[in-house]
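Residue-level listing of the chains:
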Amino acid sequence: ARGVSDVSAASLPGVAGPKPVDAAAAVASRRVRFIVFCLFCQAVQMFMSYDGGATPASLDTIQIEMDYSWSPTQFGILGAIDKVGMTATSVIWGRLLQLIDAKLLLMFGLALNAACTLAFGSLREKKLMYTAKFFMGVTQALQGIWGTVWTVTMAPPDS
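Structure report, in brief.

Rules of the game
Residue numbers restart at each chain and count upward from 1, following the sequence in its written direction. At least 70 in pLDDT is required for a residue's local features to be given in this predicted model, at least 80 for side-chain atom pairs to be given and counted, and no such filter applies to totals for whole chains, interfaces and linings, which use all residues. With hydrogens and water set aside, each side-chain value is computed from the structure's full complement of heavy atoms. Under the DSSP-based scheme used, a helix requires at least four consecutive residues in state H or I and a strand at least two consecutive residues in state E, with every element numbered from the N terminus. With a 1.4 Å probe rolled over the protein chains alone, any residue whose accessible area is under 20% of its type maximum counts as buried; one over 50% counts as exposed, and the rest are partly exposed. Any two residues whose heavy atoms approach within 4.5 Å are treated as being in contact. Accessible surface area values rest on a Shrake-Rupley calculation with a 1.4 Å probe, where residue burial reflects the displayed protein chains alone. Each pair of aromatic rings taken from Phe, Tyr and Trp, with Trp reduced to its six-membered ring, is defined by centres within 6.5 Å and is described as stacked if the planes are under 30 degrees apart, edge-to-face if over 60, and tilted in the remaining cases. Look at NZ for Lys and CZ for Arg. If either is within 6 Å of the ring centre and within 35 degrees of the ring normal, a charge sits over the ring.

With respect to the overall build of the protein
Reasoning step 1: Along the protein, the regular secondary structure elements total six helices and zero strands.
Reasoning step 2: Secondary structure elements of the protein, listed N to C terminal, follow the sequence α-α-α-α-α-α.
Reasoning step 3: Taken over 159 residues, the protein has a buried fraction of 28%.
Reasoning step 4: Pairs at least 24 residues apart make up 74% of the contacts formed inside the protein by residues separated by at least 6 positions.
Reasoning step 5: With the model as given, the accessible surface of the protein reaches about 10300 Å², and the carbon-plus-sulfur share is 69%.

So, the side chain of glutamine 140
Reasoning step 1: The topology assignment puts glutamine 140 in helix 6 (residues 126-154).
Reasoning step 2: Once residues lying within four places of it in the same chain are set aside, the contact partners of glutamine 140 are Gln45, Met48, Ser49, Asp51, Asp82, Met86 and Asn113.

Re the packing of aromatic side chains
Reasoning step 1: What the rule picks out here adds up to four aromatic pairs.
Reasoning step 2: Between tryptophan 70 and phenylalanine 75, the aromatic rings sit 5.1 Å apart at their centres with planes inclined by 0 degrees, giving stacked as the arrangement.
Reasoning step 3: Taken together, the aromatic side chains of Trp70, Phe75 and Tyr130 make up a single cluster linked through ring pairs.
Reasoning step 4: Above the face of the tryptophan 70 ring, lysine 126 is positioned so that its terminal group lies 5.3 Å from the ring centre.

Here we look at unusual backbone geometry
Reasoning step 1: Although it is not a glycine, aspartate 67 sits at a positive phi angle of roughly 55 degrees.
Reasoning step 2: Considering the arrangement of structural elements, one finds aspartate 67 in the loop between helix 3 (59-65) and helix 4 (72-99).
Reasoning step 3: Positive phi is not limited to glycine here, since tyrosine 68 has a value of about 55 degrees.
Reasoning step 4: Mapped onto the elements of the fold, tyrosine 68 is located in the loop between helix 3 and helix 4.

In structure tokens form, the structure reads like this:
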């Protein structure tokens, strides 16, 4: 038979065990982490991914301004090349985030993304547009990897 000292709260049905420790609380409060999550993990992703809808919406204008020189295949490549950049560089960004200060890397990535977006919107040469769009994807991968790692690291434990 079990003695009283052999029974723990976790072994009794309906009784919760010890409360999980929120290790990230030493870095910031839940409120601050929620704000960072909303602003940097969600809103930045939303704005950086805006071109996913803006590019297709602009195809008619691109075609007119460039004298109908684009084929459907070329437009398909234009729409997909940023995803190729994301996929090709995700592992690299993950490693760089381990080696370099994340704030500096993110500032660099956001500045490069803004420059590539400006270039893409200003260019009228196919190869340069492909290049700008590819690097837009490269910089979006950085934000995606950082946001995922930050969320996993800073999320409160299950209650």
